[in-house]
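Architecture and fold: a report
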There are 2 protein chains.
Amino acid sequence: MLRMGPLAAAGRLLPAGPRLGPPRPSGGRVSLSRSRPPGPVGDRGLLARQVRAAAGSAGGGRSPALKTPKGTRDHPPAHVALRDRLLAAVVTCFKRHGAAAIDTPVLELRETLTGKYGEDTKLIYELQDQGGELLALRYDLTVPFARYLAMNKITNMKRYHVAKVYRRDNPATTRGRYREFYQCDFDIAGQFDPMIPDAECLKIVHEILSDLQLGDFIIKVNDRRILNGVFAVCGIPESKFITMCSTVDKLDKMPWEEVRSEMVGEKGLSPEAADHIGEYVQLHGGLDLVEQLLQDPKLSQNKLAKEGLGDMKLLFEYLTLFGITGKISFDLSLARGLDYYTGVIFEAVLLQPENDHVEEPVSVGSVAGGGRYDGLVGMFDPKGRKVPCVGVSIGIERIFSILEQRVKAEILYKKDPKLLKQLQYCEDTGIPLAAIIGEQELTDGVVKLRDVATREEVDIPREKLVDEIRRRLEP
Amino acid sequence: MLRMGPLAAAGRLLPAGPRLGPPRPSGGRVSLSRSRPPGPVGDRGLLARQVRAAAGSAGGGRSPALKTPKGTRDHPPAHVALRDRLLAAVVTCFKRHGAAAIDTPVLELRETLTGKYGEDTKLIYELQDQGGELLALRYDLTVPFARYLAMNKITNMKRYHVAKVYRRDNPATTRGRYREFYQCDFDIAGQFDPMIPDAECLKIVHEILSDLQLGDFIIKVNDRRILNGVFAVCGIPESKFITMCSTVDKLDKMPWEEVRSEMVGEKGLSPEAADHIGEYVQLHGGLDLVEQLLQDPKLSQNKLAKEGLGDMKLLFEYLTLFGITGKISFDLSLARGLDYYTGVIFEAVLLQPENDHVEEPVSVGSVAGGGRYDGLVGMFDPKGRKVPCVGVSIGIERIFSILEQRVKAEILYKKDPKLLKQLQYCEDTGIPLAAIIGEQELTDGVVKLRDVATREEVDIPREKLVDEIRRRLEP
């Protein structure tokens, strides 16, 4: 059991007020004060006593741990309001494309989730056996959707589902990666003309990311059949295709050299086979690359790769009609971790923060992803009847963490905000810096910057304020 | 692990269409067909083969169990749409009363939930120890709210929270009792003039139940201090107060004789003490009863009871100003199961279905409940600082199951609905009866009623149709 130390305690203290950012132990928040105290700051003894008392009791270990589970967080009212606006924008787009909402339980039978997530199966939260069925928390919304289709013998459906999923992943909360998080899924189940539903999923990602004005983005696309074809022509046995996908998928986080050494070291490939794979998976481009690979003497002989490349060409035709090829990159390094994909796969990443006011660029990774999974429903159907499906999941939490970063300073919403109260609030909630702008500072063209912990105050010329704050907040 | 038999399989198959009711093995649904086939019903051989095949494979036990966990259910689109409308109505009322939304994780530390729910603690879902913290699923939204207040040092807040909670209870799905269900909570934290927040909670229940037009209802109110006073004057030691509350709370489900024998048999009370308690807890009335008990020679000598009765009198004054005393019953049998209540408690029950079209009255139990819990936040605060709270929870699932019962027949939404398809759909989804109204039936003033399982068809005069369907659906 983790117990909360004094520092963590300060970091966890979220006010109910208008602050939007999550608590950050090495925080980047600045409190802006608009009033100037008449003289020196009031009863410092009181403040000090309170800080000592809070630290002492939090570290004392007698009270129960006052926290949410690791990787989860509470959402205060302003947070919920922003999130609801975001979700509404996403749902509006899903509805515009004709999808209907379903809901499924947070709990699923363990056997429903077994064998669907490859190496990530270890990240599933399992419930204790308290008698009765063995249960787990849902890991995504795709497997429950496939179970729902099979259970209700539905062969044709356009549905969306907005709900929380659970992963015992290593949380990286500043990058918006939590153990409990919302997914916004749109899926099309059923037999349609080739690549039209796939193109619609990409159109939806494009619409949502454009609507939300998150800055420039790119949607990488690939096809599992092309990847498998690459593995085949490089002499990899079929039994290793799925684990090779996991390795290739790391190319967005580590350089080729490291991925190569994992292939040779951990996965047992010959250096030649790895290099051969490397020639392919480092390629990316547009329709031209598709055409080029269709002429590739080896790849064009592989049935799977040829099918995948043919469909990719068709997909690009639809995307051209939709006018969105400018944001699409055919990227052979995209592999996606999950077992169940069978055809087109895709992932949207933000290229850079939209505006210059954001001081520290947030690395948020992918903000949407999905693909075709034609075999998943058949795994649930008693007779193995397949229902072709393609879908996309919008990573609303990561988008949220970007929007959070844009609201980094707060002021106290009070009619008559006493400076002492504001500083006390800064100490209570772990805000590191307070910027004080009173009449004198206005006259002098400076801002008084106060280090909340040491209580040192320095006048900073206004034009140097941003640099000074940035310097002080550096880790 | 429960495996699904053929009958259960038929009962679980939910269509994605406009049907609103949950699957009921002894179902009360009727399919209405508006088209008449030209001759005898088509390929019965095909139907029979399909039914056999489905039954065989479901009972075969080779495929994984195709179901949701016990006591949970999927929600098809029509279901979600109705639920969202209901939730929106409730949230509108909460907002009208000035509450702001928060959200908390579904997961809580186990120790956060420990010691808050009395005998019901055994119903908490615990997660397996997979390394790290010991976790559980939230059991209600009240304890997480108290944890939130203490963690963020909030002493004043009006919040609402709409989210799912989890209880390993015995599910009674036809009565709307599930293991995963929505709660809609409204709570007021902070120090206010006595009984004003309490009165507002009752006003909210009154507004919501009136708005939703669920028929006649009554809101029972009591006070834990009055109950404890009753126990005290009947000679019960204080250590037994909480367990006595659990026993008294059963008076809405079992007669006094049974409750009395539990008191004497299981809880070890003397017959005289039990009878003495019985004299009190069978009382109910209005302000007159409050006045009467304030004159009670024994009860008026008890400090707690006197406080509770004084506040109850004040509460009735506010409720009179609100004009809602007509629906309020001061009921000494109301005890509420949970440990954490310290003052006023209340519970709303529906008295009867609203209209005559509902054939089988639904017993839904309470549709809202709540009370004052002044000690709960202090259990989380490291220094035990108390924040007085009062709140109410709207049982939206139970309300939902009433609204579901009002939509019991469905028609296939197809431009050209072939009868064979409709009957196949009835077989697939476990609908027991099909009513066929073609031109001949219209001329004859009859309805052809088809038993889906046996395929027998009988012409029924229209005026006898309701009675005939009711007779056939009797358990």
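The structure displayed is predicted, hence computed values, not measured ones. (Residues numbered from 1 in each chain as written. Chains lettered and ligands numbered in written order. Predicted model: local features only at pLDDT ≥ 70, side-chain atom pairs only at ≥ 80, totals over all residues. Heavy atoms only, no water.)

Here the focus is the pattern of salt bridges. Per the stated rule, a full pass over the model turns up 66 salt bridges over all chains. The shortest N-O distance in the salt bridge between B:Lys158 and B:Glu200 comes to 3.2 Å. Here B:Lys158 is found in strand E5 (residues 157-166), whereas its partner B:Glu200 is found in helix H6 (residues 196-211), with 42 residues between them in sequence. Shared partners join several salt bridges into a network, and the residues in it are A:Asp223, A:Arg225, A:Lys303, A:Glu307 and A:Asp311. (Salt bridge = Lys/Arg side-chain N within 4 Å of Asp/Glu carboxyl O. Helix = DSSP H or I, 4+ residues; strand = E, 2+ residues; numbered from the N terminus.)

This next bit is on the interface of chain A and chain B. With 68 residues of chain A at the interface, the matching set in chain B holds 69 residues. When the two sides are added together, the surface that chain A and chain B hide from each other amounts to roughly 6,100 Å², 57% of it contributed by carbon and sulfur. The partner of B:Asp74 in a salt bridge is A:Arg147, and the shortest N-O contact between them spans 2.6 Å. Across the chain A-chain B interface, the total number found is 24 residue pairs in polar contact (both at pLDDT 80 or more). Here the residues of the side of chain A that touches chain B sort into 37 nonpolar, 12 polar and 19 charged. (Contact = heavy atoms within 4.5 Å. Buried area = accessible area lost by both parts, 1.4 Å probe. Polar contact = N/O pair within 3.5 Å; in protein donor to acceptor, adjacent residues only side chain to side chain. Nonpolar A, V, L, I, M, F, W, Y, C, P; charged D, E, K, R; others polar.)

Now for the confidence of the model for chain A. Low pLDDT means the predicted coordinates in that region are not meant to be read closely. Residue and element names in this part refer to chain A. Averaged over all residues, the pLDDT of chain A equals 83, while 81% of them reach at least 70. pLDDT under 50 marks residues 1-29. Its contacts with residues more than four places away, or in other chains, come to 83 contacts. Low pLDDT (under 50) marks residues 34-61, which in the prediction has 40 contacts with non-local residues, meaning those over four places away or in another chain. Across the whole predicted complex the pTM is 0.75, and at the interface the ipTM reaches 0.74. (pLDDT = per-residue confidence, 0-100.)

Let us now look at the relation of the copies chain A and chain B. Once chain A is rotated about the relating axis by 180 degrees and shifted along it by 0.0 Å, it coincides with chain B to within an RMSD of 0.1 Å. Both chain copies can therefore be described as sitting about a two-fold axis. (Least-squares fit on C-alpha atoms with pLDDT ≥ 70 in both.)

Moving on, we get to the side chain of A:Arg168. Structurally, A:Arg168 is set in the loop between strand E5 (157-166) and strand E6 (180-189). For A:Arg168, which is buried and forms no salt bridge, the nearest opposite charge comes from B:Asp129, at a distance of 7.5 Å. A polar contact of 3.2 Å, which involves the side chain of A:Arg168, links it to the backbone oxygen of A:Lys122. Leaving out residues up to four positions away in the same chain, A:Arg168 has contacts with A:Lys122, A:Leu123, A:Ile124, A:Tyr125, A:Arg179, B:Gln130 and B:Gly131. (Buried < 20%, exposed > 50% of the residue type's maximum accessible area, 1.4 Å probe, protein only. Lys, Arg positive; Asp, Glu negative; His and termini not counted.)

Next up on the list: the sheet that holds E5(A). Residues and elements named next belong to chain A. The strand order E2-E5-E6-E12-E11-E10-E7-E9-E8 describes an open sheet built from 9 strands, whose pairing is mixed. Among the strands making up the open sheet, the edge pair consists of strand E2 (100-101) and strand E8 (284-285). Across 2 bridges, the pairing between E2 and E5 is parallel. Across the sheet, the residue bridging to Ala 100 is Arg 159, located in E5. (Pairing = 2+ DSSP bridges.)

What follows deals with the environment of A:Leu107. One can find A:Leu107 in strand E3 (residues 107-109). Classification of A:Leu107 as buried rests on a relative accessible area of 1%. Residues A:Leu107 and A:Val344, spaced 237 residues apart in sequence, show a C-alpha to C-alpha distance of 29 Å. Residues contacting A:Leu107, with those up to four places away along its chain left out, are A:Leu127, A:Leu135, A:Ala136, A:Leu137, B:Pro69, B:Tyr125, B:Leu137, B:Tyr166 and B:Glu180.

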